Amino acid sequence: MKLLSLMMLSLFAASSFAEHLDQMSPSCALTTLDGKPAHDLQELKGKVVYVDFWASWCPPCVKSFPFLNELNHDLKDKGLQVIGVNLDEKLSDAQEFIAKHPVDFSIVADASKQCAKGFEVMAMPTSYLIDRKGNIRHIHQGFRPGESEELRALVTQLVMEHP
C-alpha cells in the first residue's frame, strides 16, 4: 500500500510541472488594476517571464505571493520579470488583496479573461515560465508547501540560459 501511495504521489507531483518547449506564449491585452493599458507579454521577449494567474479568493495565492516577491527581488537584475495576472470579477477585490499582501512585482488584470483562455488556465494559481524567446517552458498549477525550491531552480535555469 505504501508503494502505491508513493507511486500516486510521484505521478501527482510530476503532473504539476510540465514542459512545453515549443509553445509560444499568447498575446494578451492586460490592464493595470486601475484600468490603464499594461504591456503585452510579447513586448517582454528577451526577459524570462514568470506569469502567475491568481485571484483574491484563492488560499494558495496568499502563500505564493511571498515566494514571488522573493523571486522578483533575487532575480530581476538577471532578467526575470514576474507578472501577477488577476482574474477577479471585481478589481476592488484584487486591490483589497494587494493591500493585505503587498507585492514587489507587476500586477495586471485580465478583465476579459482572454489571456487566461489563451493560456488555458485551469486552476488557481497557475504559473507559466516563459523563456527569453517567448516560449512557454514550464507550467505549474497550484502552490503547495515545499514546491518553491523546485520552482526557483526552474526559474534560475531559464535566467542562466542565453538566447
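Residues numbered from 1 in each chain as written. Predicted model: local features only at pLDDT ≥ 70, side-chain atom pairs only at ≥ 80, totals over all residues. Heavy atoms only, no water.

1. Comments concerning the pairing of strand 5 (residues 126-130)
Part 1 of the reasoning: Counting buried positions over the 5 residues of strand 5 gives 5, a clear majority of the element.
Part 2 of the reasoning: Every second residue of strand 5 is oriented toward a common face, with Thr126, Tyr128 and Ile130 on one face and Ser127 and Leu129 on the other, all of them buried.
Part 3 of the reasoning: Bridge count for strand 2 (residues 48-54) against strand 5 is 5 bridges, and the pairing is antiparallel. Within strand 5, the residue paired with Phe53 across the bridge is Thr126.
Part 4 of the reasoning: The pairing of strand 5 with strand 6 (residues 135-141) spans 5 bridges and is classified as antiparallel. If you follow Leu129 over to strand 6, its bridge partner there is His138.
Part 5 of the reasoning: Linkage of strand 5 to strand 6, two consecutive antiparallel strands, is achieved through a turn of 4 residues, within which Gly134 is found at a positive phi near 95 degrees. (Buried < 20%, exposed > 50% of the residue type's maximum accessible area, 1.4 Å probe, protein only. Helix = DSSP H or I, 4+ residues; strand = E, 2+ residues; numbered from the N terminus. Pairing = 2+ DSSP bridges.)

2. Concerning the pattern of salt bridges
Part 1 of the reasoning: The full count for this structure, using the stated rule, is 6 salt bridges.
Part 2 of the reasoning: Here Asp34 ties to Lys36 by a salt bridge, and the two come within 3.7 Å at their closest N and O atoms.
Part 3 of the reasoning: The salt bridge involving Glu161 is made with Arg137; its shortest N-O contact spans 2.9 Å. Within this pair, whereas Glu161 is found in the segment after helix 5 (148-160), its partner Arg137 is found in strand 6, the two being separated by 24 residues in sequence.
Part 4 of the reasoning: The exposure class assigned to Glu161 is partly exposed, which follows from its relative accessible area of 27%.
Part 5 of the reasoning: Here the residues in one salt-bridge network are Glu70, Asp74 and Arg152, joined through shared partners. (Salt bridge = Lys/Arg side-chain N within 4 Å of Asp/Glu carboxyl O.)

3. With respect to the environment of His140
Part 1 of the reasoning: Relative to the helices and strands, His140 resides in strand 6.
Part 2 of the reasoning: With 11 residues separating them in the primary sequence, His140 and Leu129 have C-alpha atoms 8.5 Å apart.
Part 3 of the reasoning: Of note is the side chain of His140, whose polar atom sits 3.3 Å from the backbone oxygen of Gly142.
Part 4 of the reasoning: For His140, the side chain forms a polar contact with the side chain of Glu147, separated by 2.8 Å. (Polar contact = N/O pair within 3.5 Å; in protein donor to acceptor, adjacent residues only side chain to side chain.)

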